[in-house]
Amino acid sequence: MRRKRVELSAKVLVTFAALLTSIIVFGIFYFLISDGVRVFGRVSPKDFLFSARWYPTYEDAEFGILALLAGTLSVTGLTLVIAIPLGFVCAIFLAEFSGRKSHDAIKYIFELMAGIPSVVLGSFGLKYVSRWLMEHFPLHVWTGLNVMNASLMLSILAMPYFVTLVEDALRAVPRDQKEASLALGANMTGTIFRILLPQARSGILNAIILGTNRVIGETMVVLMVAGGATMVPSTIFDPVRPLTSAIAGEMGEVELGSTHYFALFMIGVVLLAISTVFTLIAMKLKRSKGK
Amino acid sequence: MEDTIFVIDELNVFYGEKHALKDVTCEIPRRKVTAVVGPSGCGKSTFLRVLNRMNDLIPTYRHTGSIKLLGKETLTMDAVSLRKQVGMVFQKPNPFPKTIQDNVTYGPRIHGVKNRQRLKEIAERSLKQAALWDEVKDELKKNALNLSGGQQQRLCIARALSVEPEVLLLDEPTSALDPIATQKIEKLIEELSERYTIIIVTHNLQQALRISDYLMFFYVGELVEFDTTEKITTNPSDPRTSDYLRGIFS
Ligand SMILES: Nc1ncnc2c1ncn2[C@@H]1O[C@H](COP(=O)(O)OP(=O)(O)OP(=O)(O)O)[C@@H](O)[C@H]1O
Ligand SMILES: [Mg+2]
């Protein structure tokens, strides 16, 4: 009797918590979107998305986010180009080749890496990486704060996360699959490429998507080291202003209820949409893995 | 010697401190069925996995002594070429989650066979040898995981045969199967012993008696007795063997 009562109150509590969380989440969505769409009273959706002219404080203000979007895409893209191959090598080493000691040592380093606050990483990029870039690529670099700098810092941020997920995916492949391949006379490299990686595919895709999502949403690092220039970059050494850093940099000074204010909220909606799509894909992958 | 496949001399195996096989010395006859029996934990799987060096993957594993395969020392030879000659089938059927055809051509492809016609021939030959061809010949492109447990295990045998080994190691290959599937595999083992050396670990003593020509009896890491199945069943020379045969420990 007593147990039943406890069970019932637990159920009520859990339901209530779940309800509250959903209300909060949908509340955030609602306010963001309802503020965001008001920008379209003054700017057409087409100009907002496809114009690269972002001059929110000019007399003749313009609110095209294409350059900001290009900033986000270029920084994210270059980060993936750096972090995915490196991450794969690390994950494969950790899952298949490392002895216990080297495994623990490397894991420890990654844990330390994961704990670095992004503002610290930003400071490091601001002070040292920018100088290093200026010194080593003097012909290409006109500012040390650029796509390259941001991508390097974001790679440090994303790597621990990505490596852990890929290693888990590789370890989740049943041991007997690996043994079956080796027992046929396959070497370890062949077994990794023909058996382990294909069977870990959905877990790996999941890792890439979640990692990308995280990189897109990261704000402090890009605010500090991406350069902040509203331009569509033509090289990896151009400065950019990703979506997140536009919001973080401008939100503090914007006049409430102005077009600029609504435009920043709309940028938030765009970010939210990107992240929702990625999360849904990741959830779908996870489910199909279960089959 | 033409009639001997493995010559094993003073083989000792350790997992860390654990002495898993003690001074095993024997000669395993070629193209016969040798059954490895003994109580649980006595080292049967360990013995089998030394023969194709599958245990090399375990960090704490060590061995001393010598195992010669047709005159060549296996413990120092290249593991890849050893495993090509000594195939293995596991307790739980473990086909790759690929098509039936891809399962039986995986081995040949990693060893460099590219010609598609040739791969097809190998697939057909292996599946025929494993008595699976008639059941799957029209659905070679189907995923192997759709087969029944017994069919999957015969596919695993076909997969092992696809690289034309000398020896087939089987570790309790029927323990996960129903009686009818078990019977099919036992019959298959008898047929295969004309061309291959078969070494099979089994917990089922009746099975060992039905299918084996020779019997190895292990007890806590020691090879207690090794002789023809007939000799051991009629006149065992060690009291531990006769206790085991009478079902005193299992
Ligand atoms: N990876 C390992 N690390 C440490 N000890 C091991 C390992 N594998 C096996 N052993 C030990 O070695 C001994 C022999 O094990 P093995 O698996 O060969 O026995 P088995 O005869 O096959 O038993 P079963 O009939 O239960 O399959 C056991 O005592 C076991 O605990
Ligand atoms: Mg065993």
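This one's a predicted model, so the numbers in the text were calculated from it and none came from an experiment.

Thresholds, definitions, all that
- Residues numbered from 1 in each chain as written.
- Chains lettered and ligands numbered in written order.
- Predicted model: local features only at pLDDT ≥ 70, side-chain atom pairs only at ≥ 80, totals over all residues.
- Heavy atoms only, no water.
- Helix = DSSP H or I, 4+ residues; strand = E, 2+ residues; numbered from the N terminus.
- Rg over C-alpha atoms; globule rule 2.2 N^0.38 Å.
- Buried < 20%, exposed > 50% of the residue type's maximum accessible area, 1.4 Å probe, protein only.
- Contact = heavy atoms within 4.5 Å.
- Areas by Shrake-Rupley, 256 points an atom, 1.4 Å probe, with all protein chains shown as cover.
- Near = heavy atom within 4 Å.
- Polar contact = N/O pair within 3.5 Å; in protein donor to acceptor, adjacent residues only side chain to side chain.
- Pairing = 2+ DSSP bridges.
- Disulfide = S-S within 2.5 Å.
- pLDDT = per-residue confidence, 0-100.
- Buried area = accessible area lost by both parts, 1.4 Å probe.
- Salt bridge = Lys/Arg side-chain N within 4 Å of Asp/Glu carboxyl O.
- Patch = residues over 30% accessible without salt bridge, like charges linked within 9 Å, V, L, I, M, F, W, Y side chains within 5 Å.
- Axes fitted to C-alpha atoms, helices over the stretch in contact; angles between N-to-C directions.
- Parallel < 35°, antiparallel > 145°, perpendicular 65-115°, else oblique.
- Left-handed = near helix turned anticlockwise from the far one by under 90°.
- Nonpolar A, V, L, I, M, F, W, Y, C, P; charged D, E, K, R; others polar.
- Lys, Arg positive; Asp, Glu negative; His and termini not counted.
- Charge placed at Lys NZ, Arg CZ, Asp CG, Glu CD.
- Phe/Tyr/Trp six-rings, centres within 6.5 Å; stacked < 30°, edge-to-face > 60°.
- Core = buried A, V, L, I, M, F, W, Y, C linked by side-chain atoms within 4.5 Å.

Undergrad: For this particular structure, what's the right way to read the overall build of chain B?
TA: Along its length, chain B carries 10 helices and 10 strands. Taking 2.2 N^0.38 as the reference for a compact globule, 250 residues should give roughly 18 Å; the C-alpha atoms of chain B span a radius of gyration of 18 Å, in line with that estimate. Residues counted as buried form 54% of the 250 residues belonging to chain B. A separation of at least 24 residues holds for 68% of the contacts in chain B among residues at least 6 apart in sequence. Accessible surface for chain B amounts to roughly 11,200 Å². Of this, 47% is attributable to carbon and sulfur atoms.

Undergrad: Looking at this structure, how should I read the site of ligand 1?
TA: All names here are of chain B. By nearness alone, 13 residues border ligand 1, and Ser 40, Lys 44, Ser 45, Thr 46 and His 203 come closest of all. Cys 42 places a polar main-chain atom, nitrogen or oxygen, 3.3 Å from an oxygen atom of ligand 1. Surface burial for ligand 1 is 65%, taken as the share of its 630 Å² of free accessible area covered by protein chains. Elements supplying a minimum of two residues to the shell around ligand 1: strand 2 (18–29) and helix 1 (44–51).

Undergrad: What is the right way to read the pairing of strand 2 of chain B from this model?
TA: Along any regular strand the residues' side chains alternate between the sheet's two faces. Residue and element names in this part refer to chain B. The pairing of strand 1 (residues 4–15) with strand 2 spans eight bridges and is antiparallel. Paired with Ile 8 across the two strands is Cys 26, which belongs to strand 2. Hairpin remark: strand 1 followed by strand 2, antiparallel, with two residues in the connecting loop; positive phi at Gly 16, about 60 degrees.

Undergrad: I tried to follow the state of the cysteines on my own but got confused; where do I start?
TA: Applying the stated criterion to the full structure yields zero disulfides over all chains. The thiol sulfur of B:Cys42 is not disulfide-bonded, and the nearest other cysteine sulfur, from B:Cys26, lies at 14 Å.

Undergrad: Sorry if this is basic, but what is going on with the confidence of the model for chain B here?
TA: Residue and element names in this part refer to chain B. Summarising the model, chain B shows a mean pLDDT of 91, and 98% of its residues fall at 70 or more. Looking over chain B, one finds the lowest element-wise mean pLDDT in helix 10 (residues 239–245), namely 87, and the highest in strand 8 (residues 197–201), namely 96. With pTM at 0.86, the complex prediction returns an ipTM value of 0.91.

Undergrad: What am I meant to see in the interface of chain B and chain A here?
TA: Accessible area lost upon the coming together of the parts is a frequently used measure of interface size. Each partner contributes residues to the interface: chain B has 25 residues there, and chain A has 17 residues. Buried surface at the junction of chain B and chain A, both sides included, amounts to about 1,700 Å², of which 61% is carbon and sulfur. A salt bridge links A:Glu179 to B:Arg49, with the nearest nitrogen and oxygen atoms 2.6 Å apart. Counting across the chain B and chain A interface gives seven residue pairs in polar contact (both at pLDDT 80 or more). If you list the elements that add at least two residues to the side of chain B that touches chain A, you get helix 2 (79–85), strand 6 (86–89), helix 3 (100–110) and helix 6 (149–161) of chain B. Counting residues per element, the side of chain B that touches chain A draws most heavily on helix 3 of chain B, at four residues.

Undergrad: Help me out: how do you make sense of a nonpolar patch on the surface in this one?
TA: Residue and element names in this part refer to chain A. A cluster of nonpolar side chains, namely Phe 16, Leu 20, Ile 24 and Ile 28, defines an oily patch on the protein surface of about 410 Å² accessible area. Mapped onto the elements, Ile 24 comes out in helix 1 (residues 2–36). Residue classification places Ile 24 among the partly exposed residues on the basis of a relative accessible area of 48%.

Undergrad: Would you mind showing me how to read the packing of helix 4 (residues 100–114) of chain A against helix 6 (residues 147–171) of chain A here?
TA: Geometry of a packed helix pair, given as the angle between the helix axes and the separation of the axes. Residue and element names in this part refer to chain A. Relative to each other, helix 4 and helix 6 sit at 140 degrees, their axes nearing to 8 Å. By the criterion of interaxial angle, the relationship of helix 4 to helix 6 is oblique. Along this stretch, helix 4 crosses helix 6, giving a crossing that reads as left-handed. Residues His 103, Lys 107, Phe 110, Met 113 and Ala 114 of helix 4 touch helix 6, and the partners they reach there are Ile 156, Met 159, Pro 160, Val 163, Thr 164, Glu 167 and Arg 171. Its residues assigned to classes, the contact of helix 4 with helix 6 comprises seven nonpolar, two polar and three charged.

Undergrad: Is there a simple way to explain the pattern of salt bridges in this structure?
TA: Close approach of charged atoms lets side chains of opposite charge pair. In this structure the tally under the stated criterion is 21 salt bridges over all chains. Between A:Glu250 and A:Arg241 there is a salt bridge whose closest N-O contact spans 2.9 Å. Judged by relative accessible area, which is 9%, A:Glu250 ranks as buried. A residue is classified by how much of its surface remains accessible, and A:Arg241, at 17% relative accessible area, is buried. Notably, a salt bridge pairs B:Arg154 with B:Glu135, separated by 2.8 Å at the nearest N-O pair. Taken together, the positions of B:Arg154 in helix 6 and B:Glu135 in helix 5 (residues 133–136) put the pair 19 residues apart, joining distant regions of the chain.

Undergrad: What is the right way to read the environment of A:Asn146 from this model?
TA: Residues and elements named next belong to chain A. With respect to the helices, strands and loops of the structure, Asn 146 is situated in the loop between helix 5 (118–136) and helix 6. A C-alpha to C-alpha distance of 12 Å links Asn 146 and Thr 230, two positions 84 residues apart in sequence. Apart from the residues within four sequence positions on either side, Asn 146 is in contact with Leu 133, Val 141, Val 225, Ala 226, Gly 227, Ile 236, Phe 237, Asp 238 and Pro 239. Among the polar contacts made by the side chain of Asn 146, one reaches the main-chain amide nitrogen of Asn 149 at a distance of 2.9 Å.

Undergrad: When you look at a negative patch on the surface in this model, what are you seeing that I'm missing?
TA: All names here are of chain B. On the surface, a cluster of negative charge is made up of Asp 9, Glu 10, Asp 23 and Glu 222. Residue position: Asp 23 is located in strand 2. A relative accessible area of 45% places Asp 23 in the partly exposed class.

Undergrad: Sorry, what's going on with the packing of helix 3 (residues 66–97) of chain A against helix 8 (residues 188–199) of chain A here?
TA: Residue and element names in this part refer to chain A. Packing of helix 3 against helix 8 brings their axes to within 12 Å, and their N-to-C directions diverge by 105 degrees. One way to sum up the angle between helix 3 and helix 8 is to call them roughly perpendicular. Here helix 3 contributes Phe 88, Ile 92, Glu 96 and Phe 97 to the contact with helix 8, which in turn contributes Met 188, Ile 192, Leu 196 and Leu 197. Classifying every residue of the contact of helix 3 with helix 8 gives seven nonpolar, no polar and one charged.

Undergrad: I would appreciate a short explanation of the packing of aromatic side chains in the present structure.
TA: The description of an aromatic ring pair rests on the distance of the ring centres and on the angle between the ring planes. Residues and elements named next belong to chain A. One pass over the structure, following the stated rule, counts 17 aromatic pairs over all chains. Ring geometry for Phe 88 versus Phe 162: centroids 6.0 Å apart, planes at 80 degrees, classification edge-to-face. Placement of the pair is Phe 88 in helix 3 and Phe 162 in helix 6, with a sequence separation of 74 residues. Among the residues examined, Phe 162 registers a relative accessible area of 4% and is labelled buried. Centroid distance Phe 137 to Phe 237: 5.2 Å. Interplanar angle 35 degrees. Geometry classified as tilted. Placement of the pair is Phe 137 in the loop between helix 5 and helix 6 and Phe 237 in the loop between helix 10 (220–225) and helix 11 (243–250), with a sequence separation of 100 residues.

Undergrad: What's the story with the nonpolar core in this structure? I'm lost.
TA: Among soluble globular proteins, nonpolar side chains are generally buried collectively. B:Phe6, B:Ile8 and B:Phe47 are the most contacted members of the largest nonpolar core, which has 59 residues in total. The greatest single-element share of this core, amounting to eight residues, is contributed by helix 3 of chain A. Excluding residues within four positions of it along the chain, B:Phe6 makes contact with B:Cys26, B:Glu27, B:Ile28, B:Leu51, B:Ile67, B:Lys68, B:Leu69, B:Val86, B:Val167 and B:Ile199. Residues B:Val33, B:Val89, B:Leu161 and B:Ile211 belong to the second largest nonpolar core, which totals 40 residues.

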